[in-house]
Each structure stands twice: as structure tokens, then as C-alpha cells.
Amino acid sequence: MRIEEKIKCLNELTQLITTNVFSLADIRRVSDSFFSKYVDLLHIGRIEIVSNTPKSIYDRQLVENKIIAYSSNNVSDEFIVKKNEVVNAENRGTSNVLIYPVKGYSFKEEEYEFIFNVVSLFHLYFSKKRLEFLIEETRYKDSLTNVLNVAGLNKFFSAINNSNEYVYIFSNIKNFKYINTIYSRSDADKILIAYTQKLSSLMEDSEALCRQGGDSFISLVKQENLKKYLKKLEHVSIKFKEDNLDLSSTIGYYENKEGLPLSDSIELANTAYAIAKRKNVSVFKCTEELNQKMIREKIVKAEIVNALKNGEFINHYQPKVDSSKDELCGAEALVRWNKNGNLVFPKDFIPILEKEESIIDLDYYVLTKTCEDIKKWENLGLTPVKVSVNFS
């Protein structure tokens, strides 16, 4: 093998890899093209990469993986091995490259170094892309169950052409805390993995399962598959060791016929789930009426922030009278919202604020206004009565 041929071969492989390789699939395409072209020079019929590496960045257990990086139809049974140590802080894992010649050819001793150089260059880029793939998986997959995480679900949703074809389902396994109590942490994790595998098997490739965290899940299923999926989701049977487990769920769902953003659809499904839990039913559907109610609540929440800043809330004082003496003995501060000259009564905004911490801001606002009014009365020479202020 002439030196010119070697240089040409290495240069072409380097150029192919650096300009064409963007994914693992690209590597296989490049390898097929390159090694087929140089079969008379390299006589390589097959390249296998056998690694013993951790299952994931979260798991210390080593597992064996075999990847066919290149293969022709004309392969010998003999092979030579290029061994590479995977070096990290603990020097965990090995990766071996098995190089098979084409059938009827045996590698010569003087060919080894160049063949190893070619394959090592190829393996370097292959390993780099595989690492990038694993990092991508880690970014978008749940580390325990390997289903999508929330970031992965967002990525899935962004690729959907017609989001209104999907039903958005929020579910939570009932009383999974007892599983955590009865079994070890490791066994409980295995049960959760088996559960997600069962759910995933019910889905089409165009559907998605996401673990939001703990034992809560978000499913995106096609409208036509909803009835079948909900029936299975209500009761999932798992065989674990000698036990037959029936994992039932509380479920809320929303049919996104309006094509709402993912976050809004999940929020509506989550609201339906909360109602199902409160009503002690297994499944609850978020209706259009409920959706409109939530839209109104969002508008009110946004308006109230500015209303507090602009002092749009006013106190009305309901007198308390001692009937035996026919005297004023106290008062209760009642808040009203003066919205563009119209009074909005508490029933239209207090329940909305009570769902979140902004009710605290209103409570202190009313207390502050009450104290200011008492001071005004004193400045006018009046003797204030006791005034009660309600705190939620």
C-alpha cells in the first residue's frame, strides 16, 4: 500500500466525516459509502463496536452494547480487535472495535497500523456523535423511565402539525405512596418503569407519554384512540415478582379542538384532574364551559395586579349595632372593586384570588386602607369603633 494511497484515504475519510456527519444515521451512510469505495485498499468487510459502559449518566451499572458501524455482504469470520479505554474520573467502561476483513482475505501484520488509524478516526467521530445523541436523550427523556420529560413533550408538541387532533390527559397513580412504603425504593422504581412501559405499549408512534414528575403523567393521544386509552389507563395491571398489582389512576383530560398552546392544554387537563380528585371520580373531562371560566379567571388575575397598584379597591363598612342600646358598636370592612366606575362584588374575584397567594396582597391592602380610614376619622374628631377585617 503506497503512502500516497494512505494519505488520500485518510484525507477523504476526514472530509466525509466533518462535512456530512450530523447524526448516527449519517455515520452509517458515510461508512457504507467510504468502506465500499476503498474495499480493495482496506479489505474491511465489517466493523463492530462493542462497549461496556454505564446505562446512562445516572446509572453506574455497566451494560454491553454492540453496534454495527459498517457491514458488507462479503465478510470473513476472523477479526482483529482495537481496544480503547473509556477514560473518566473513575476510568469506568471499555470499548472494543472488531474489524473483520472481506471474505477470503487475511490482514497482514504490516497493514494493522494503517487499518487501526483509519478505523480509530472513524470510531472517534462515531463516539462523539453517540455521546451527543446520549446528551440529547438526557435532555428530553426522563432519567428513570426513559419516557419524555416536560422538555421532550414540548419538543414533540412543536413538531405536531395539527394539535387539535390530540387529547391532553393528566393522570396520577392513586396511592402510589403505599407502593413506596411496601417495597424498597429500587423495587418501587422498577414498578414505575414497568407501568410506563405498559402505557407506552398502548400508544401509537405519533402519540406521546411524558412523566411530569413523581407518579404524575401527561399523555397526548389521538382523538380516535381516547376511549380505548382511558379504559386502559384507569386500571393498569403489573406483574411484579410474585405480586399482581392493579395501578389505578385519577384522570383529567381536555380535547384541544381549538388548537391551544401546550401549556394551556395541560393546565386545562390538570384542572379537570383536580376536579376529578375533589369529586372522588376516576375520570373528568374539561368542558368548553370550564375552559371559558378559566379564561375569565386569567383575565381577572391579570387585571387585579394593576388594580392593586392603582388603588381600585375600596372599603365599604358594614355597621354593627348594639340593639339593646341602639348604638353603633363596631363595623366590618368589606372590599369592593371599583372597575372603570362599576362596582365588582367579592364573589366575582375573591374565589379566584384564593386559589393563589395574591389573596394575601388583597388582605393586607384592605387592612392598610382600614387603618388609614380610622386615622382620618380621628383627625375629624370622631371616636372610631372597632373594625374587623377578614383574612382568607
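Look above for the structure.
Definitions and cut-offs
Residues numbered from 1 in each chain as written. Predicted model: local features only at pLDDT ≥ 70, side-chain atom pairs only at ≥ 80, totals over all residues. Heavy atoms only, no water. Patch = residues over 30% accessible without salt bridge, like charges linked within 9 Å, V, L, I, M, F, W, Y side chains within 5 Å. Areas by Shrake-Rupley, 256 points an atom, 1.4 Å probe, with all protein chains shown as cover. Salt bridge = Lys/Arg side-chain N within 4 Å of Asp/Glu carboxyl O. Lys, Arg positive; Asp, Glu negative; His and termini not counted. Charge placed at Lys NZ, Arg CZ, Asp CG, Glu CD. Helix = DSSP H or I, 4+ residues; strand = E, 2+ residues; numbered from the N terminus. Buried < 20%, exposed > 50% of the residue type's maximum accessible area, 1.4 Å probe, protein only. Expected span 1.5 Å × (residues − 1).

Student: Let's hear about a negative patch on the surface: which residues, and what values?
Tutor: Side chains of E165, E204, D205 and E224 sit close together on the surface and give a patch of like negative charge. Within the secondary structure, E165 is located in the loop between α5 (150–158) and β5 (166–173).

Student: Give a description of the pattern of salt bridges that names residues and reports values.
Tutor: Scanning all chains against the criterion turns up 12 salt bridges. With its nearest N and O atoms 3.7 Å apart, the salt bridge here joins K285 to E255. Of this pair, K285 sits in strand β10 (residues 283–285) while E255 is found in strand β9 (residues 243–255), placing the two residues 30 residues apart along the sequence. With relative accessibility at 15%, the residue E255 sits in the buried group. A cluster of three or more residues bridged by salt bridges with shared partners is formed by E255, K257 and K285.

Student: Describe a positive patch on the surface, naming the residues involved and giving the relevant values.
Tutor: The grouping of K198, K227, K228, K231 and K232 at the surface amounts to a positive patch. With 4 residues, the single largest contributor to the positive patch is helix α8 (residues 226–234). Looking at the element boundaries, K232 is found in helix α8. A relative accessible area of 45% places K232 in the partly exposed class.

Student: Run through helix α10 (residues 288–309), naming residues and quoting values.
Tutor: Across its 22 residues, α10 extends 33 Å between first and last C-alpha, which sits within 8% of the 32 Å expected from 1.5 Å per residue. G311 lies just past α10 and shows a positive phi near 65°.

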